[in-house]
Amino acid sequence: MLKYLYIDESGDLGLRGSKYMIIAALLVDSPVQLDRIIKYMRRYKFKKQLRKAQEIKANKTSDPIRRYMLSKLNEVKSAKVFYIVLEKKKLCSQYLMNHKHRLYNYVAGKLAEHIILHDVDVEVRIDKSKGKQLLREDFNQYFTSQLQKESTIRKVTIYHSYSHSWSGLQFADLLAWACFQRFEHANSEYVTLIKLEQEVYHVW
């Protein structure tokens, strides 16, 4: 059996930026239903609004679009959402502070530890933000090791992809944004719209 995991983040890793950084992971049995939702939105429901949008980004799109996507996501069978929350004021490691890609890997690895799966293959797709091949390989190795820490996953395949080409990444972006609103701005109205099983973890 093959599971699909889509990962994106909201917030930043800079010490002078946001107070929090959130990584969200959307786990589904198949990407087909996600693709259908986005296609319907583009062709019919929000055709005019999305005509010039290469992709749907939560921080740039309209509130009706955000709410519609979350409501339709609730209809995706067996979908599950995981979040990891980094509260940056609790970060004490000078090493991680000075190496943002290492910090990102560390936080993503903490999330991976909590995604427990057995006897499945997992296809992981993450937004292609790590420009250098070496950084991507570093992430792949660490995330895979953490994902397999408590699980009995047969095979992990990780792809770094452009989010405009993958509906799952656009949903992961929205989920990360919704959780970010809760912690950064004390606004829980979007996460409460999500009726799927959600698990929230903290780095510390």
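Everything here concerns the structure above.
For clarity, every value in this text was computed on a predicted model and none was experimentally measured.

K.L.:
Describe the nonpolar core, naming the residues involved and giving the relevant values.
P.N.:
If you look at the biggest cluster of nonpolar residues, it comprises 40 residues, and the most contacted ones within it are L26, M41, Y83 and L175. Secondary-structure elements contributing two or more residues to this core are strand 1 (2-11), strand 2 (20-28), helix 1 (32-45), helix 3 (63-73), strand 3 (80-87) and helix 7 (167-185). Sort the elements by how many residues they give to this core and helix 7 lands first, with eleven residues. Excluding anything up to four places from it in sequence, Y83 contacts I22, I23, A24, L111, L175, C179, V191, I194, Q198, E199, V200 and Y201. Among the nonpolar cores identified, the runner-up in size contains 31 residues, and A108, V124, I126 and L147 belong to it.

K.L.:
Can you break down the environment of F139 residue by residue, with the values?
P.N.:
By the element assignment, F139 lies in helix 6 (residues 133-147). Separated by 58 residues in the primary sequence, F139 and V81 place their C-alpha atoms 21 Å from one another.

K.L.:
Can you explain the pattern of salt bridges? Please cite residues and give values.
P.N.:
Counted under the stated rule, the structure contains 16 salt bridges. Here K57 ties to D173 by a salt bridge, and the two come within 3.4 Å at their closest N and O atoms. Residue K57 is found in the loop between helix 2 (47-50) and helix 3, and its partner D173 is found in helix 7; the two are separated by 116 residues along the sequence. Among the ionic pairs, E189 bridges to R67, the shortest N-O distance being 2.5 Å. One end of the pair, E189, is in the loop between helix 7 and strand 6 (197-202); the other, R67, is in helix 3, with 122 residues separating them in the sequence.

K.L.:
Give me unusual backbone geometry: which residues, what numbers.
P.N.:
Residues apart from glycine generally show negative phi values, whereas peptide bonds are mostly found in trans. Of note in this structure, S78 is not a glycine but carries a positive phi near 65°. Here S78 is to be found in the loop between helix 3 and strand 3.

K.L.:
Describe the packing of helix 1 against helix 7, and please don't skip the residues or the numbers.
P.N.:
Between helix 1 and helix 7, the least distance of the axes is 8 Å, while the angle of their chain directions is 80°. Between helix 1 and helix 7, the interaxial angle falls into the category roughly perpendicular. Residue-level contacts link L34, D35, I37 and I38 of helix 1 to S167, G168, Q170 and F171 of helix 7. Within the contact of helix 1 with helix 7, the residues separate by chemical class into four nonpolar, three polar and one charged.

K.L.:
I'd like to hear about the packing of helix 1 against helix 3, residue by residue, with values.
P.N.:
Axis separation between helix 1 and helix 3 bottoms out at 10 Å; the angle between their running directions is 145°. Crossing geometry of helix 1 relative to helix 3 is assigned as right-handed. Packed against helix 1, whose contacting residues are L34, I37, I38, Y40, M41 and K45, the element helix 3 presents I65, Y68, M69, K72 and L73 at the interface. Across the contact of helix 1 with helix 3, the residue classes break down as nine nonpolar, no polar and two charged.

About the criteria used
- Residues numbered from 1 in each chain as written.
- Predicted model: local features only at pLDDT ≥ 70, side-chain atom pairs only at ≥ 80, totals over all residues.
- Heavy atoms only, no water.
- Core = buried A, V, L, I, M, F, W, Y, C linked by side-chain atoms within 4.5 Å.
- Buried < 20%, exposed > 50% of the residue type's maximum accessible area, 1.4 Å probe, protein only.
- Helix = DSSP H or I, 4+ residues; strand = E, 2+ residues; numbered from the N terminus.
- Contact = heavy atoms within 4.5 Å.
- Salt bridge = Lys/Arg side-chain N within 4 Å of Asp/Glu carboxyl O.
- Axes fitted to C-alpha atoms, helices over the stretch in contact; angles between N-to-C directions.
- Parallel < 35°, antiparallel > 145°, perpendicular 65-115°, else oblique.
- Nonpolar A, V, L, I, M, F, W, Y, C, P; charged D, E, K, R; others polar.
- Left-handed = near helix turned anticlockwise from the far one by under 90°.

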